[in-house]
Amino acid sequence: MVIVAREQASARSFWRRWSGPFLLGVALCGLAGCATRAWNTRIKPVGIEDRYEFNTRFPHVPRDTFVVLAFSGGGTRAAAFSYGVLEKLRDTEVPSGGQPTRLLDLVDVITSVSGGSYTAAYYGLFGDRIFHDFPSRFLYRNWQGELLRLLRRPDHLLSISSRHYNRSDLVAAYLNHTLLDGKTFADISLAGLPMVILNASDLNNATTFSFIQQQFDFLCSDLSTYPVANAVIASAAVPGPFAPIALRNYSDCPQRHQPWVAQSLAHDDLLSRRYAVALALSRYDDPTQMPILRLVDGGVTDNLGVRGSMMSPVAQYGNVPDMAGAFTPEQLRRVRHVLVIVANAQVYAPYPWSEQGRAPRLTDTLRASFDASLGILNNETAALAKSGFLMWAEHVSAMRAPGAPQVDVNFAVLTFNQIKDPAERQRFNAMPTTFHLQPNQVDALRALAGHLLTQAPEFQNFLRELRDEPSASANPSATSVAQPAGVGQQ
């Protein structure tokens, strides 16, 4: 009996000592089991009204203006800079249909990458609510600190140890709950708000991946049920700190087989952009060879977003010269005044190792190499995007009757390099690419965006045209570009 009593006492002592950790472990494992990836769903026979594309989201009846905004990457710096552009357009009044109208209400498309995608998605979902609560809910918030605390929680560490759930899935779920209110692509760009195109990079194919239904068609997948938060995180998933966001590539469906892809592969020049895009899309055809797509930061392939989406053969059903995905024939006949605003929040900060004359470490070398590639890519992307829009304008104008109004494109790129004062320019270039800035830095970025837009000649020219001032005559060279047949190759 004594032995039995001792054993019972020992058992009770053991249980008192280990029951807490045991129950905690059970609870954590339960939480880990509940943490599941938000997969994209298989495409289903749906009406045209359910597809997230220009046909269902283009926000207006035919008019003579076409306004596109492109928001770059750069963490909170980019989010605040692009937010300042929205504020300036909200406060700028122009005539439209005989009535004074906010220029913001004439924006047709917002295309974005990485940090800029937070601003774009929020406006596309909530409209003017962005001016009431987005600064407090995101811009002034230590989002980066919250994410680090999120990843340190024991239950979350167990969750992301799964093969089918990673740290980007965890962050997307947090963003979905705390900022974007559980919204899906069925909820975005409604009620006259601009068509928002969030852009990531397809790591499998080294190409831009745009969150539009035309892109999801090639995966035989339905975009309308997909969380907007997951698309934002895919757009901002910097390789290394973030893991790739995964999408399923489903078995065959009619939407996957689009005539322009086969036509391009058979007849287009091997160096043309349409051929390169068609070749990448054709690799989705066999899901057994590519069952899962891995998406990372859109800046890897296009840190401005404007060329990879608006001028993409995917968005335009292979017909970029007519922007066939965006415009009906009637809209194409009406358009005259085009404004493209690229908010480029790229910085050009000096490296300490360079200033000190010492050899860079491995991490320094990798960062400088990445910055060099990104800088060249941004410059080339902006130049090619502008050329593409100008050639599109010439193509459309050439189809009109002699004497008919021509399409005039005003393409404005806002960068910190346009800051005239060297000390002020250095201050902005020193702002880090993080998701935590000081409130005064956020305010400075918001004000800077409005200031740079105000002084942009292209912006002023566009306003003069709309206000019918005599001095609003377009620059003759603005829409005169040689070789209009090359539009489809941009």
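Since this is a predicted model, take the numbers as computed values, not measurements.

Engineer: Which parts of the structure should I look at to understand the overall build of the protein?
Structural biologist: When its secondary structure is counted, the protein shows 19 helices and twelve strands. Looking at the protein as a whole, 54% of its 490 residues qualify as buried. Considering only contacts within the protein whose residues lie at least 6 apart along the sequence, 79% involve residues at least 24 apart. Entry remark: accessible area of the protein is about 21400 Å², with carbon and sulfur atoms responsible for 57%.

Engineer: Sorry, what's going on with the state of the cysteines here?
Structural biologist: By definition, a disulfide links the sulfur atoms of two cysteines through a covalent bond. Tallied over the entire structure, the rule returns one disulfide. The disulfide that involves cysteine 220 links it to cysteine 253, with 2.1 Å between the sulfurs. Torsion about the S-S bond of the cysteine 220 and cysteine 253 cystine: about -90°, corresponding to left-handed handedness. Taken as a pair, cysteine 220 in the loop between α9 (213-217) and β8 (221-222) and cysteine 253 in the loop between β9 (245-248) and α11 (259-267) lie far apart in primary sequence, 33 residues in all. In this structure, cysteine 220 and cysteine 253 share a single accessibility class: buried.

Engineer: Please explain the pairing of strand β10 (residues 292-297) as it appears in this structure.
Structural biologist: Two faces belong to every sheet, and in a regular strand the side chains alternate between them. In the sheet, strand β6 (residues 195-202) pairs with β10 via three bridges, with the strands oriented antiparallel. Looking at β10, one finds that aspartate 202 is bridged to leucine 295. Pairing of β9 with β10, which is carried by four bridges, proceeds in the antiparallel orientation. Residue pairing in the sheet places alanine 246 in a bridge with arginine 294 of β10.

Engineer: For this particular structure, what's the right way to read the pattern of salt bridges?
Structural biologist: Any two side chains of opposite charge can pair, given that their charged atoms come close. This structure, assessed with the given rule, holds 18 salt bridges. In this structure, aspartate 252 engages arginine 256 in a salt bridge whose closest nitrogen and oxygen atoms are separated by 3.6 Å. Arginine 274 is paired through a salt bridge with aspartate 268; the nearest N and O atoms lie 2.6 Å apart. As far as the burial class goes, arginine 274 and aspartate 268 line up, both buried. Look at the salt bridges and you will find they share partners, linking Arg129, Asp133, Arg137 and Asp181 into a network.

Engineer: Sorry if this is basic, but what is going on with the nonpolar core here?
Structural biologist: It is characteristic of soluble globular proteins that their nonpolar side chains tend to be buried jointly. In terms of nonpolar packing, the biggest core is built from 132 residues, with Phe66, Tyr118, Phe211, Phe389 and Trp392 touching the most fellow members. With eight residues, the top contributor of residues to this core is helix α3 (residues 75-90).

Engineer: Whenever I open this one, helix α8 (residues 167-178) confuses me. Can you help?
Structural biologist: Each full turn of the α-helix corresponds to 3.6 residues, which orients residues three or four apart in the same direction. Here α8 spans 16 Å end to end across twelve residues, near enough to the 16 Å set by a 1.5 Å rise per residue. Within the span of α8, buried status applies to Ser168, Asp169, Leu170, Val171, Ala172, Leu175 and Thr178. Among the residues of α8, the N-terminal cap falls to asparagine 166, whose side-chain oxygen and the backbone nitrogen of serine 168 are separated by 2.9 Å.

Engineer: I would appreciate a short explanation of the packing of helix α4 (residues 115-126) against helix α5 (residues 130-139) in the present structure.
Structural biologist: To characterise two packed helices, one gives the angle between the axes of the helices and the distance between these axes. Interhelical geometry of α4 versus α5 gives an angle of 140° and a closest axis separation of 11 Å. In this structure, α4 crosses over α5, and the sense of that crossing is right-handed. Across the interface between the two elements, Tyr118, Thr119, Tyr122 and Tyr123 from α4 touch Ile130, Asp133, Phe134, Arg137 and Phe138 from α5. When grouped by side-chain class, the residues that make up the contact of α4 with α5 number six nonpolar, one polar and two charged.

Engineer: Would you take a moment to explain the packing of aromatic side chains for this structure?
Structural biologist: What the rule picks out here adds up to 26 aromatic pairs. In this structure an aromatic cluster arises from ring pairing among Tyr83, Tyr118, Tyr122, Phe126, Phe131, Phe134, Phe138, Trp143, Tyr174 and Phe435. Above the ring of phenylalanine 131, the side-chain terminus of arginine 90 is found at 4.5 Å from the ring centroid. Directly above the aromatic system of phenylalanine 428 lies the positively charged group of arginine 427, at a separation of 4.8 Å from the ring centroid.

Engineer: Whenever I open this one, the packing of α8 against helix α10 (residues 228-235) confuses me. Can you help?
Structural biologist: Between α8 and α10, the least distance of the axes is 8 Å, while the angle of their chain directions is 130°. Of the possible angle classes, the one that applies to α8 and α10 is oblique. When you trace α8 past α10, the crossing you get is right-handed. Contacts between α8 and α10 pair Ser168, Val171, Ala172, Leu175 and Asn176 from the former with Ala229, Asn230, Val232 and Ile233 from the latter. Grouping the amino acids of the contact of α8 with α10 by side-chain chemistry returns six nonpolar, three polar and no charged.

Engineer: So what exactly am I meant to see when it comes to the confidence of the model for the protein here?
Structural biologist: Detailed reading of predicted coordinates is not advised where the pLDDT is low. With 85% of its residues at a pLDDT of 70 or more, the protein shows a mean pLDDT of 84. In the model, residues 13-33 has pLDDT below 50 throughout and makes nine contacts with residues more than four positions away in sequence or in other chains. The low-confidence segment residues 469-490 (pLDDT under 50) makes 43 contacts with residues lying over four places distant or belonging to another chain.

Engineer: What is the right way to look at the side chain of serine 264 in this model?
Structural biologist: Mapping serine 264 onto the fold places it in helix α11. The exposure class of serine 264 is buried, given its relative accessible area of 0%. Those residues in contact with serine 264, other than ones at most four positions away along the chain, are Arg274, Tyr275 and Ala278.

Analysis parameters
Residues numbered from 1 in each chain as written. Predicted model: local features only at pLDDT ≥ 70, side-chain atom pairs only at ≥ 80, totals over all residues. Heavy atoms only, no water. Helix = DSSP H or I, 4+ residues; strand = E, 2+ residues; numbered from the N terminus. Buried < 20%, exposed > 50% of the residue type's maximum accessible area, 1.4 Å probe, protein only. Contact = heavy atoms within 4.5 Å. Areas by Shrake-Rupley, 256 points an atom, 1.4 Å probe, with all protein chains shown as cover. Disulfide = S-S within 2.5 Å. Pairing = 2+ DSSP bridges. Salt bridge = Lys/Arg side-chain N within 4 Å of Asp/Glu carboxyl O. Core = buried A, V, L, I, M, F, W, Y, C linked by side-chain atoms within 4.5 Å. Expected span 1.5 Å × (residues − 1). Polar contact = N/O pair within 3.5 Å; in protein donor to acceptor, adjacent residues only side chain to side chain. Axes fitted to C-alpha atoms, helices over the stretch in contact; angles between N-to-C directions. Left-handed = near helix turned anticlockwise from the far one by under 90°. Nonpolar A, V, L, I, M, F, W, Y, C, P; charged D, E, K, R; others polar. Phe/Tyr/Trp six-rings, centres within 6.5 Å; stacked < 30°, edge-to-face > 60°. Lys NZ or Arg CZ within 6 Å of the ring centre and 35° of its normal. Parallel < 35°, antiparallel > 145°, perpendicular 65-115°, else oblique. pLDDT = per-residue confidence, 0-100.

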